[in-house]
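# Examining the three-dimensional arrangement
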Amino acid sequence: MIEIDGSEKSGSGTLVRVACALCSLTNQPMHMVRIRENREKQGLRPQHLLAVKACAKLSSGRAEGAEVGSREIYFYPGASISAGVFEWDIGTAGSATMLAFTLIPIALFGRSGTRFTIRGGLFQDHAPTAFHMERVLLPLLAQMGARVSMRMIRPGYIPKGNGELEVSVEPANGPLKALEKTRRGDIIRIKGVSLASHLASQSVARRMAERSRELLEQKGYDPEIDIIEDTSAAQSGAALMLVAESSEGCLLGFDRAGKRGLRSESIAQSVVEGLMADVATTATVDRFAADQLILFAGLARGESRYIVPSLTDHMESNLWLIEKILGGGVKVRENLICIDGIGFSRK
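Conventions adopted
Residues numbered from 1 in each chain as written. Predicted model: local features only at pLDDT ≥ 70, side-chain atom pairs only at ≥ 80, totals over all residues. Heavy atoms only, no water. Helix = DSSP H or I, 4+ residues; strand = E, 2+ residues; numbered from the N terminus. Rg over C-alpha atoms; globule rule 2.2 N^0.38 Å. Buried < 20%, exposed > 50% of the residue type's maximum accessible area, 1.4 Å probe, protein only. Contact = heavy atoms within 4.5 Å. Areas by Shrake-Rupley, 256 points an atom, 1.4 Å probe, with all protein chains shown as cover. Core = buried A, V, L, I, M, F, W, Y, C linked by side-chain atoms within 4.5 Å. Salt bridge = Lys/Arg side-chain N within 4 Å of Asp/Glu carboxyl O. Axes fitted to C-alpha atoms, helices over the stretch in contact; angles between N-to-C directions. Parallel < 35°, antiparallel > 145°, perpendicular 65-115°, else oblique. Nonpolar A, V, L, I, M, F, W, Y, C, P; charged D, E, K, R; others polar.

### A closer look at the overall build of the protein
- When helices and strands are counted, the protein shows eight helices and 16 strands.
- The C-alpha radius of gyration of the protein comes to 19 Å, within 12% of the 20 Å expected for a compact globule of 347 residues.
- Seen through its C-alpha atoms, the protein measures out along the principal axes to roughly 55 × 40 × 40 Å.
- Burial analysis of the protein (347 residues in total) assigns 56% to the buried set.
- Of the contacts made within the protein by residues no fewer than 6 positions apart, 74% connect residues no fewer than 24 positions apart.
- Here the protein displays about 13,900 Å² of accessible surface, and carbon together with sulfur accounts for 43% of that area.

This is how it looks when you write it as structure tokens:
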């Protein structure tokens, strides 16, 4: 049984999610203690609890001690990966995209296609957003051979949540391919999407898009930004996403969710500045994909190499976990990440 101290490294819910996903694939039982001990609200929150239960469901396994507030769990994956159609409702504004991220690697190694619908929060800071997953992470995974698609059915914001997304995963035909991204090339285009729910009268989506265009044009870019006026969300809310694409096939994204009292123009400036900060480095992936890709690189065949804007505690956490659970080799040379994947394939 793998023993994991949940207070190590970032001490966040990322450790729970990634560990359960990896143990589900490798069929290794796990005992985790001191879960989220460094956080203000310790133990499992509803979104973490659902991730544990969903991993157990997909891996035909079980979890013991898994309740809201639990600081210790035992996770026993089963011997087979389930496929089919699933639905999960977090019940709060907890991140639906983080749950999707947890389940995608498991579903990739099922015997047939899997589709799951998840309800919860889709746009919030400090968690992957639906736009980033759809427009940055999934295209990068496609370069590794993963066939995953995502559709946003309804936006969801803090505090009500109730957003909904649908993810479809086709089984991988053997191991994923290593990701080789050591040359970025020139930025050839910037695209974006400006979303506002129940805020058409205030022109929030248009204002975010227009200010983003102004700021990017000052830097020599001619961005294409789609505007979405939504009326389906459970509450008013907004989100802005920008993605820079390079001549070498690199994708760097940055986004931010709106909140009451924050002007549309301020959101635009924050997103443009965040994107340009990553572009100003030699990075071949953005600060968010940098840690999200680690799990998949650990499973891939061969050595994945990519350059990150900077090292973060979430990256250190994920690198630590793939070494501990998968036994994959990891090297960090300044901002170059090298991951020797295990060539995982489910028979």
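### Quick notes on the nonpolar core
- If you look at the biggest cluster of nonpolar residues, it comprises 93 residues, and the most contacted ones within it are Phe116 and Leu293.
- Top contributing element to this core by residue count: helix α1 (residues 13–26), with nine residues.
- For Leu293, the residues in contact, after removing those within four places along its chain, are Leu137, Leu140, Leu141, Met144, Leu179, Val285 and Tyr306.

### What to know about the side chain of Thr102
- Its place among the elements puts Thr102 in helix α3 (residues 96–107).
- A residue is classified by how much of its surface remains accessible, and Thr102, at 1% relative accessible area, is buried.
- What Thr102 contacts, discounting residues up to four positions off in sequence, is Arg17, Ala21, Ala51 and Cys55.

### With respect to the pattern of salt bridges
- Overall, the coordinates contain 20 salt bridges when judged by the stated rule.
- In this structure, Arg115 engages Glu166 in a salt bridge whose closest nitrogen and oxygen atoms are separated by 3.7 Å. Of this pair, Arg115 sits in strand β6 (residues 114–120) while Glu166 sits in strand β8 (residues 163–169), placing them 51 residues apart in sequence.

### Describing the packing of α1 against helix α2 (residues 46–58)
- As a packed pair, α1 and α2 sit with axes 9 Å apart at the nearest point and diverge in direction by 5°. In terms of orientation, α1 lies roughly parallel with respect to α2. Each of Gly13, Val16, Arg17, Cys20, Ala21 and Ser24 in α1 lies in contact with α2, whose residues at this interface are Gln47, His48, Ala51, Val52 and Cys55.
- By residue class, the composition of the contact of α1 with α2 is six nonpolar, four polar and one charged.

### A look at the environment of Gly94
- Tracing the backbone through its elements, the reader meets Gly94 in the loop between β5 (84–89) and α3.
- According to the relative accessible area criterion, Gly94 is buried, its value standing at 6%.
- Separated by 47 residues in the primary sequence, Gly94 and Gln47 have C-alpha atoms spaced 5.4 Å apart.
- Beyond its immediate sequence surroundings of up to four residues, Gly94 is in contact with Gln47, Gly120, Gly121 and Gln124.

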